[in-house]
Amino acid sequence: MIDVINLEKSFGNVEVLKGITTTIDEGEKVVIIGPSGSGKSTFLRCLNCMEDPTSGSIIFEGEDLADMKVDINVHRRHIGMVFQQFNLFNNKTVLQNIMLAPVHVGVSDIRKAKRKNFFTNIGNIFRKEQRDLIKIDKTKAQVIEEARENAYILLNRIGLADKADVYPSTLSGGQKQRIAIVRALAMNPKVILFDEPTSALDPEMVGEVLDLMKQLADEGMTMVVVTHEMGFAREVGTRILFIDQGIILEENTPKEFFENPQHPRTKEFLSKVL
Amino acid sequence: MEILLNRWLSFWEKIQNPGVYGEVLKGLRNTAYIAVVGLIIGIVIGTLIAVVRVVPKYKRIARILDKICTVYVAFFRGTPMVVQLLLGYYVMLPLLNITADPLTVCVIIFGLNSGAYVSEIMRGGIMSVDIGQTEAGRALGLSYATTMKKIVVPQAVKNIIPTLGNEFITLVKETSIVSFVGALDLYKAFRNIGNSTYEYMVPYLMMAIVYIILVLIITLGIKLIERRLRRSDRRN
Ligand SMILES: Nc1ncnc2c1ncn2[C@@H]1O[C@H](COP(=O)(O)OP(=O)(O)OP(=O)(O)O)[C@@H](O)[C@H]1O
Ligand SMILES: [Mg+2]
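Now for a description of the structure that goes with this document. (Residues numbered from 1 in each chain as written. Chains lettered and ligands numbered in written order. Predicted model: local features only at pLDDT ≥ 70, side-chain atom pairs only at ≥ 80, totals over all residues. Heavy atoms only, no water.)

## Some words on the overall build of chain B
Right, on to step 1. Secondary structure assignment for chain B yields nine helices and zero strands.
Right, on to step 2. Listing the helices and strands of chain B from first to last along the sequence gives α-α-α-α-α-α-α-α-α.
Right, on to step 3. With respect to the principal axes defined by its C-alpha atoms, chain B has extents near 75 × 55 × 25 Å.
Right, on to step 4. Per-residue burial for chain B yields a buried fraction of 42% across its 236 residues.
Right, on to step 5. If you sum the accessible surface of chain B, you get close to 12,900 Å²; carbon and sulfur atoms cover 67% of it.
Right, on to step 6. The centroid of the 26 positive side-chain charges in chain B is displaced by 10 Å from the centroid of its 14 negative side-chain charges. (Helix = DSSP H or I, 4+ residues; strand = E, 2+ residues; numbered from the N terminus. Buried < 20%, exposed > 50% of the residue type's maximum accessible area, 1.4 Å probe, protein only. Areas by Shrake-Rupley, 256 points an atom, 1.4 Å probe, with all protein chains shown as cover. Lys, Arg positive; Asp, Glu negative; His and termini not counted. Charge placed at Lys NZ, Arg CZ, Asp CG, Glu CD.)

## A closer look at the overall build of chain A
Right, on to step 1. What chain A contains, in helices and strands, is nine helices and ten strands.
Right, on to step 2. Judged by the C-alpha coordinates and their principal axes, chain A covers about 70 × 45 × 35 Å.
Right, on to step 3. Restricting the contact set of chain A to residue pairs at least 6 apart, pairs at least 24 apart contribute 66%.
Right, on to step 4. Summed over all atoms, the accessible surface of chain A reaches about 13,100 Å², with 48% contributed by carbon and sulfur.
Right, on to step 5. Seen as two clouds, the 34 positive and the 38 negative side-chain charges of chain A have centres 7 Å apart. (Contact = heavy atoms within 4.5 Å.)

## A look at the pairing of strand β7 (residues 191-195) of chain A
On a regular strand, each side chain points to the face opposite its neighbour's, so the side chains alternate between the two faces of the sheet.
Residue and element names in this part refer to chain A.
Right, on to step 1. With five of its five residues buried, β7 lies for the most part within the structure.
Right, on to step 2. Pairing analysis gives four bridges linking strand β6 (residues 79-82) to β7, with the strands arranged parallel. By the bridge assignment, V82 is partnered in β7 with F194.
Right, on to step 3. Where β7 and strand β8 (residues 222-226) come together, five bridges link them in parallel fashion. (Pairing = 2+ DSSP bridges.)

## With respect to a positive patch on the surface
Right, on to step 1. Taken together, A:R111, A:K112, A:R115, A:K116, A:K140 and B:K149 make up a surface patch of like positive charges.
Right, on to step 2. Tracing the chain through its elements places B:K149 in helix α7 (residues 144-174). (Patch = residues over 30% accessible without salt bridge, like charges linked within 9 Å, V, L, I, M, F, W, Y side chains within 5 Å. Salt bridge = Lys/Arg side-chain N within 4 Å of Asp/Glu carboxyl O.)

## A closer look at the layout of surface pockets
Right, on to step 1. Computed from the structure, the largest pocket encloses a volume of approximately 1,400 Å³.
Right, on to step 2. Lining the largest pocket are 40 residues, with B:V55, B:P56, B:Y58, B:R138 and B:Y144 positioned closest to its centre.
Right, on to step 3. Counting only elements with at least two residues in the lining of the largest pocket, the list comes to α2 (72-76) of chain A together with α2 (18-54), α3 (60-78), α5 (102-128), α6 (131-139) and α7 of chain B.
Right, on to step 4. Its residues assigned to classes, the lining of the largest pocket shows 24 nonpolar, three polar and 13 charged. (1 Å grid on protein atoms, 1.4 Å probe; cavity = no way out; pocket = protein on both sides within 12 Å on 5 of 7 lines; lining within 4 Å. Points joined across faces, edges and corners; volume = space filled by probe spheres on them. Nonpolar A, V, L, I, M, F, W, Y, C, P; charged D, E, K, R; others polar.)

## Remarks on empty space enclosed by the protein
Residue and element names in this part refer to chain B.
Right, on to step 1. Under the defined criterion, the tally for this structure stands at two cavities of 30 Å³ or more.
Right, on to step 2. Roughly 40 Å³ of volume is contained in the largest cavity.
Right, on to step 3. What lines the largest cavity is S10, F11, K14, I193, T197, E199 and P203.
Right, on to step 4. Of all the secondary structure elements, the ones that give two or more residues to the lining of the largest cavity are α1 (2-15) and α8 (186-197).

## Concerning the environment of B:L86
All names here are of chain B.
Right, on to step 1. Mapped onto the secondary structure, L86 falls in helix α4 (residues 81-96).
Right, on to step 2. Take L86: its relative accessible area is 30%, and that puts it in the partly exposed class.
Right, on to step 3. In this structure, the C-alpha to C-alpha distance between L86 and G182, residues 96 residues apart in sequence, is 10 Å.

Written out as structure tokens, the structure reads:
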């Protein structure tokens, strides 16, 4: 699903990622672990080009996202992202947070199709071979209504439908993060990237967020997760990437990785966190 | 004291004349009009400039626009507003061969001037919004412009309302220069009263009081808006 080929990323003179190559297949739950500052977040953020790679390729659905010419916004619709700090929109209610992107994308697609059809129509006056118009099967109102229904389905799923009309500032961290996750789900992404989704939470709220992530995993969602939750990595992960100093130092199934680490630095890291 | 009382009595008699208080009211209306519409134009221009200035400078067009905005802001912040008013009315109008009444010119110049100041305020406001808000918008596939419009700028505006209030007060006070190009404002109205009686003490005193009352009312309005916004932060 995502082919990462020789990915490098520097900030100024600092080389953070030094050539990473890996493939993330559909349905995989890739867990990324590694010491602080090793480049885990940077790697994750390169996958949807929140950071532009310095060199290398990110092939997603046959297109290289690292190429500045591709329309990154279209691809990002299919790559969800969940942040450590939740990043719910403070000026929007919970419902608006979830509906914003689906509505905006749906409505602007209709607008674009209408514009194209307008020019096709004008062109058709002069053409012998009439060109087909793009079928517009939804009105703006329908797009909004569908997004609303879907948002309520998602909110019911996490038991927060009663919070639909409140602002994020009134929610607990666990609630915020679960809403951030369903906000990403509302776009029907093909893969979701998680950057330490539980690190900013009070301990008693970590469970509810991990439970939701496990549900998604069970439903077959492709996930890439940076986390310090080794229990989650072992239980949910299908593959562990150990990143150290900007390279994948070790890569294995959770069982092999935790029971049988190969590299001395991996052993050292695991002895500290387990 | 007696002098003041006598002068006050003659002023009081004068101001009851409909022609006279009519002119004061018209001056008041013009002052309000220039300040309010000027601020609105200023907010629109200021927001556009602020966005141009914070946008990542990958593309050449972004760099060019940024240069233009820098020059614009430098000009309007670096010259007195009277000079801008005079340039607008006595230089630009004839050069462009446009006819416009002084009031319109004043509103436009006040708007352009205020745009330069508001752009700096707005830039600070935009930068005070957590970068995570932008990242969340972009990660959902929203364009930079959409993210700005729907997420960042609304939050920035909320953060800078007190500062915008100060800009509004500045504009109200600055309107006292518009008679340089022949527009009627509060100052001009009171000066006309003085001119007709050769007595300036009471008219100018009254003028000062009217300005102070105006500013106090606006200050109160800003306080109320601020309190409303703070309450909406905690809502539910
Ligand atoms: N925008 C940036 N500008 C400059 N340097 C950066 C930037 N972002 C990250 N870095 C640097 O890149 C290195 C890797 O950062 P990164 O955030 O990817 O690490 P990480 O593995 O996610 O660490 P942590 O576990 O602390 O989150 C760090 O040394 C960091 O200082
Ligand atoms: Mg990190």
